[in-house]
Amino acid sequence: MMQYNPLTALLIFVVAAVLLFVIFRPVKGWYWLLRNNWQSNEKTVMEDILKQLYRLESYGSEADINALTNSLKIKDSLIIDALHKMSVNELVKVEGDLLKLTKEGRQYALKIIRVHRLWEKYLAEKTGFDKSEWHDRAEEMEHVLSHEETNVLADQLGNPMYDPHGDPIPNTFGDLQEINGEPLSSLSVNSIGRIVHIEDEPDVIYRQILAENIHIGSVIRVEEKNNERIVFYAEGEEFVLAPIVAANITVAELKKDLEDEENTVRLSSLRKGELAKIVGISKECRGENRRRLLDLGFVNGTEIKIDLNSPMKNPVAYGVKGTSIALRNDQASKILINKI
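These numbers were taken from a predicted model, which means no experiment stands behind them.

> What is the right way to read the overall build of the protein chain from this model?
Counting secondary structure elements, the protein chain contains eleven helices and 15 strands. By residue count, 39% of the 340 residues in the protein chain fall in the buried class. Within the protein chain, counting contacts between residues at least 6 apart in sequence, those at least 24 apart form 64% of the total. Total accessible area on the protein chain stands at roughly 19900 Å², and carbon and sulfur atoms take up 54% of it.

> For this particular structure, what's the right way to read the packing of helix α5 (residues 103-126) against helix α6 (residues 131-141)?
The packing of two helices is summarised by the inter-axis angle and the distance between the axes. At a closest axis distance of 8 Å, the pairing of α5 and α6 adopts a crossing angle of 130 degrees. Looking at the two axes, α5 sits oblique to α6. Taken as a pair, α5 and α6 cross one another with a handedness that is right-handed. Listed contacts from α6 to Val 115, His 116, Trp 119, Glu 120, Leu 123 and Ala 124 of α5 are Trp 134, His 135, Arg 137, Ala 138, Glu 139 and Met 141.

> Mind showing me how you'd approach the sheet that holds strand β2 (residues 92-95) here?
In a beta sheet, neighbouring strands are held together by backbone hydrogen bonds and run either parallel or antiparallel to one another. If you walk across this open sheet you meet the three strands as β1-β3-β2, and the pairing is antiparallel. Of all strands in the sheet, those bounded by a partner on one side alone are β1 (63-64) and β2. Sheet analysis places β2 next to strand β3 (residues 98-101), joined by four bridges and oriented antiparallel. Counterpart to Val 92 in the pairing with β3 is Leu 101.

> Explanation requested: unusual backbone geometry in the structure shown.
What is expected of a backbone is that most residues other than glycine have negative phi and most peptide bonds are trans. The peptide bond linking Glu 201 to Pro 202 adopts the cis configuration, its omega dihedral lying at 0 degrees. Along the polypeptide, Pro 202 turns up in the loop between β5 (192-198) and α8 (203-211). Although it is not a glycine, Asn 159 adopts a positive phi angle of roughly 50 degrees. Within the secondary structure layout, Asn 159 lies in the loop between α7 (147-156) and β4 (182-183).

> I would appreciate a short explanation of the nonpolar core in the present structure.
Soluble globular proteins: nonpolar side chains tend toward being buried together. With 23 residues, the main nonpolar core has Ile 49, Leu 50, Leu 53, Leu 68 and Met 86 as its most contacted residues. When residues of this core are traced back to their parent elements, those giving at least two are α2 (30-58), α4 (76-88), β3 and α5. Residue contributions to this core peak at seven residues, all from α2. Here Met 86 is in contact with Met 46, Ile 49, Leu 50, Leu 91 and Val 92, once residues within four sequence places are set aside.

> Hey, could you run me through the pattern of salt bridges in this one?
For side chains bearing opposite charge, pairing can occur when the charged atoms are close. Considering all chains together, one arrives at 20 salt bridges under this definition. A salt bridge links Glu 139 to Lys 51; the nearest nitrogen and oxygen atoms lie 2.4 Å apart. Of this pair, Glu 139 sits in helix α6 while Lys 51 is found in helix α2, placing the two residues 88 residues apart along the sequence. Judged by relative accessible area, which is 27%, Glu 139 ranks as partly exposed. Between Arg 229 and Glu 224 there is a salt bridge, with the nearest N and O atoms lying 3.0 Å from each other. What makes Arg 229 partly exposed here is its relative accessible area of 35%.

> Help me understand the packing of aromatic side chains, please; the structure alone is not making it clear to me.
The geometry of two aromatic rings is summed up by the distance between their centres and the angle between their planes. Enumeration over the complete set of coordinates arrives at two aromatic pairs. For the ring pair Trp 119 and Tyr 122, a centre distance of 4.7 Å and an interplane angle of 35 degrees mean the geometry is tilted. Placement of the pair is Trp 119 and Tyr 122 together in helix α5, with a separation of three residues, close to one helical turn. Judged by relative accessible area, which is 16%, Trp 119 ranks as buried. Classification of Tyr 122 as partly exposed rests on a relative accessible area of 26%.

> Before we go on, may I ask you to explain the pairing of strand β12 (residues 303-309) in this structure?
Two faces make up the sheet, and in a regular strand the side chains alternate between them. Of the pairings in the sheet, the one linking strand β11 (residues 275-281) to β12 comprises three bridges and is antiparallel in character. Within β12, the position partnered with Lys 277 by the bridge is Glu 303. Of the strand pairs in this sheet, β12 and strand β13 (residues 316-320) are connected by five bridges, and their pairing is antiparallel. Directly across from Ile 304, in β13, lies its bridge partner Val 320. A loop of six residues connects β12 with β13, the two strands running antiparallel in sequence, and Lys 313 in this loop sits at a positive phi of about 60 degrees.

> Honestly, the pairing of strand β14 (residues 323-327) in this entry has me stumped. Any pointers?
Pairing between β13 and β14: five bridges, direction antiparallel. If you follow Gly 319 over to β14, its bridge partner there is Ser 324. Count of turn residues in the β13/β14 antiparallel hairpin: two residues, of which Lys 321 carries a positive phi of about 50 degrees.

> Help me out: how do you make sense of the side chain of Asp 48 in this one?
Mapped onto the fold, Asp 48 is located in helix α2. One buried charged residue, Asp 48, forms no salt bridge at all, with the nearest opposite charge on Lys 51 at 5.1 Å. Among residues more than four places away in sequence, those in contact with Asp 48 are Leu 72, Ile 74, Glu 142 and His 143.

About the criteria used
Residues numbered from 1 in each chain as written. Predicted model: local features only at pLDDT ≥ 70, side-chain atom pairs only at ≥ 80, totals over all residues. Heavy atoms only, no water. Helix = DSSP H or I, 4+ residues; strand = E, 2+ residues; numbered from the N terminus. Buried < 20%, exposed > 50% of the residue type's maximum accessible area, 1.4 Å probe, protein only. Contact = heavy atoms within 4.5 Å. Areas by Shrake-Rupley, 256 points an atom, 1.4 Å probe, with all protein chains shown as cover. Axes fitted to C-alpha atoms, helices over the stretch in contact; angles between N-to-C directions. Parallel < 35°, antiparallel > 145°, perpendicular 65-115°, else oblique. Left-handed = near helix turned anticlockwise from the far one by under 90°. Pairing = 2+ DSSP bridges. Core = buried A, V, L, I, M, F, W, Y, C linked by side-chain atoms within 4.5 Å. Salt bridge = Lys/Arg side-chain N within 4 Å of Asp/Glu carboxyl O. Phe/Tyr/Trp six-rings, centres within 6.5 Å; stacked < 30°, edge-to-face > 60°. Lys, Arg positive; Asp, Glu negative; His and termini not counted.

Structure, rendered in structure tokens:
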């Protein structure tokens, strides 16, 4: 029979107390960290479902569980559990196989979309992140910012109505501006219009548009259209897109006698010996980059020419107001000129 050892009993008690403290310590204990992480993941799943249901409804598509599970990169079991709780909380309603947002669910979804689009606007205006990164970074932040923090961000940005892609940003009441235009794929040959929106989902199509260096705000003219391709000119350059890609670009049609910017081209198209006048800076150039170009003298009415080509013609040194300034081709493509 083992004898009672006070020292051993004390040691066991101390170890047990330390373990309990580590596990259940308020806020920072393992139990609370795991619990908060689980709750955070659950919240993220619910918000992703709400946003996707809103997206499907806005496109006039009916949403069922299969459509939801196929469009979200989330385990089916997590989606089913979240839908059950969302139904209990009256955020969604189930009608047979179909899922529909309630009024409360739609308002919640618009709050998430508001954060996402405001954060994309912030990234475009205030940071140097490439546009290919905006969407994914906003996807993370949309689950983090509180309602109060979102309003502060909106005030700092001047309460914008549209994000950098041309998507309307919901206001605090959930109201949205309309996108006035139609898909580029629907325009007839010889139509003239201005690009007002570029859809950033699905990612595979958005990256094709980015690779083509197509800009928001550009005036375009459709030259050719068939089942295989759509050809259009914008700012002195020719673009060829598959109809499925062109469908993700929204264009507001212009009257030919109202506005015709055929003579407006990109600075990147200027050749040695040619002279031009600057007529503007593309909307694609934002924030600090835009301010820097203006400070360097790239303002409306300024004459410009090529001073020096590098061996690879990238960068190119341009003569502006008696100063030679080197720009990369992607920078020069955002400065609009009329050749003299």
